Amino acid sequence: MLKSLILNRSPPKTFPIKRYFSLLNEDEIMLQQMVSRFSNDFIKPKVREMDDKCRLDSVLLNELFENGLMGIEIPIEYGGSGMNFVSSCLAIEEIAKIDPSVAVMVDVQNTLLNNLLGFWGNEKQKSKYFPQLACNKVASFCLSENSAGSDAFSLTTSAKLSEDKSFYTINGEKMWISNAEQAEIFFVFANVDKSLGYKGITCFIVEKELESGIVIGPKEEKLGIRASSTCPVSFVDCKVPVENVLGEIGQGYKYAIDILNEGRIGIGAQMVGLSTGCLEHVMPYLFERVQFGKKIGDFQAVEHQYAQMATEIEAARSLIYHAARLKESGKPFIKEAAMGKLFSSQVANKTASLCVELLGGVGYTKAFLAEKYYRDCKIGAIYEGTSNIQLNTIAKMVKSQ
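Residues numbered from 1 in each chain as written. Predicted model: local features only at pLDDT ≥ 70, side-chain atom pairs only at ≥ 80, totals over all residues. Heavy atoms only, no water.

(A) Here's a closer look at the layout of surface pockets. Put simply, the largest pocket is a space of about 1200 Å³. Considering the residues around the largest pocket, the lining is formed by 38 residues, among which G149, I382, Y383, E384 and G385 are closest to the centre. Here the element with the most residues in the lining of the largest pocket is helix α12 (residues 387-400); it accounts for five residues. When the residues that make up the lining of the largest pocket are grouped by side-chain class, the tally is 18 nonpolar, eleven polar and nine charged. For the second largest pocket, the calculated volume is near 260 Å³. Broken down by secondary-structure element, the contributors of at least two residues to the lining of the second largest pocket are α2 (26-43), α5 (85-98) and α8 (252-286). Taken together, the residues of the lining of the second largest pocket break down into four nonpolar, five polar and five charged. (1 Å grid on protein atoms, 1.4 Å probe; cavity = no way out; pocket = protein on both sides within 12 Å on 5 of 7 lines; lining within 4 Å. Points joined across faces, edges and corners; volume = space filled by probe spheres on them. Helix = DSSP H or I, 4+ residues; strand = E, 2+ residues; numbered from the N terminus. Nonpolar A, V, L, I, M, F, W, Y, C, P; charged D, E, K, R; others polar.)

(B) Expanded view of unusual backbone geometry. Phi at K165 is positive, roughly 60 degrees, even though this residue is not glycine. Within the secondary structure, K165 is located in the loop between β4 (158-161) and β5 (167-178). Classification of K165 as exposed rests on a relative accessible area of 59%. Even without a glycine there, the phi angle at D237 is positive, about 50 degrees. Looking at the secondary structure, you find D237 in strand β9 (residues 230-241). Assessed through its relative accessible area of 45%, D237 is described here as partly exposed. (Buried < 20%, exposed > 50% of the residue type's maximum accessible area, 1.4 Å probe, protein only.)

(C) Examining the side chain of N244 more closely. By secondary structure assignment, the location of N244 is in the loop between β9 and β10 (245-246). Relative accessible area serves as the criterion here: at 6%, N244 is assigned to the buried category. Once you skip the residues sitting within four places of it in the chain, N244 turns out to touch Q125, Y129, C203, F204, I205 and E207. (Contact = heavy atoms within 4.5 Å.)

(D) Molecular detail of the environment of S275. With respect to the helices, strands and loops of the structure, S275 is situated in helix α8. Sequence separation of S275 and N122 is 153 residues, and the distance between their C-alpha atoms is 39 Å. If we ignore the near neighbours within four places in the chain, the residues touching S275 are I313, S344, V347, A348 and T351.

(E) The state of the cysteines, seen in detail. This structure, assessed with the given rule, holds zero disulfides. Here C54 stays unpaired: no disulfide links it, and the sulfur of C231, its closest cysteine neighbor, is 11 Å away. Given the relative accessible area of 14%, C54 is considered buried. The closest cysteine sulfur to the non-disulfide-bonded C203 is located on C142, 9.2 Å from its own sulfur. (Disulfide = S-S within 2.5 Å.)

(F) Spotlight on the pattern of salt bridges. For the structure on display, the rule yields 23 salt bridges. Here R48 makes a salt bridge to E371, at a shortest N to O gap of 2.7 Å. Placement of R48 in helix α3 (residues 47-53) and of E371 in helix α11 (residues 370-377) is noted, with a sequence separation of 323 residues between them. Neither residue differs from the other here; R48 and E371 are each classed as buried. In this structure, K97 engages E94 in a salt bridge whose closest nitrogen and oxygen atoms are separated by 3.0 Å. Of this pair, K97 and E94 both sit in helix α5, three residues apart, which is roughly one turn of that helix. Here K97 falls in the buried class, since its relative accessible area comes to 8%. On the accessibility criterion, E94 (5% relative accessible area) is buried. Ionic contacts of the salt-bridge type, sharing partners, join the residues R48, D51, E371 and R375 into one network. (Salt bridge = Lys/Arg side-chain N within 4 Å of Asp/Glu carboxyl O.)

Here it is in structure tokens:
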């Protein structure tokens, strides 16, 4: 669906769209509309079942690939959709309106892994892995460890070069790895020389089907985004050829920092989508439920609450797409990305909580999806940089200015 739109697209024209701080061009509007239809037609009917079973529907995963949503920024010549970073954020937001769990799959693949390969992979690596990532293979970002969360560069996973210098042997255990259950390609951060500290950290491309020594642990039993798999991944004497080093030896720490800075914009888009979806889910009920002879949505106290939510969602959306445009144009965006992720996660938490309350007793049951949005929103303050880490970043940037 998306690929057919891309192949037949005309030169971009700019149109104003009332919901965004910036303007969207014709391609971006087409993508937004397509993903909205896709999410309502293919994802929405499966949301509750996937949440209950804690499993992403395999047919849906294939649909994500077939519709070009797993390779949005991958160039067309490699089988991708050849679109821009804002397009990835739009897709993430539209999917998150319906199910934030599915949005995680699309977010991690596009904003972290595809771009990690695009920025620092060589031509041979791109030619080999881009078509797979765009068409049929899920990848995982393996950085965090049990003792290396916010302090990510204290990681202990090691990579030892063989005597003939033809391969590295990786040993270590990664934690909280998103999409690990479905992943067939792992981007693994390991230290080649611990005496160098974080300057020994290097990124490796590890293929599950070719490399022995990869053990996927049991899925975590999570509060929210339950259809998204989160697993520990162990590497036990896992041999990786030297040609699978991504970029330069010892530059992994820099690659991780840079890619997570832009990945936070994707998480912000997910939180904006979650907030919007939750509010849109609850609004009809407010004008169906009658108390004291009046629709509850017409009481001024309630009007003020959804007016405030709508305002804060719009503010969060403006922050996120402003950061996305800055990133896209090659301008500094770190502060704006941190602000966007921080604020959007706060808005998501506030919105989902209040929506449960506006529904009253039924909001506390599974009769409505508000309780799911409420469970899903909490992760926004934790992964890809906690809220406290975002505040640290913002404070540092503000002081430097």
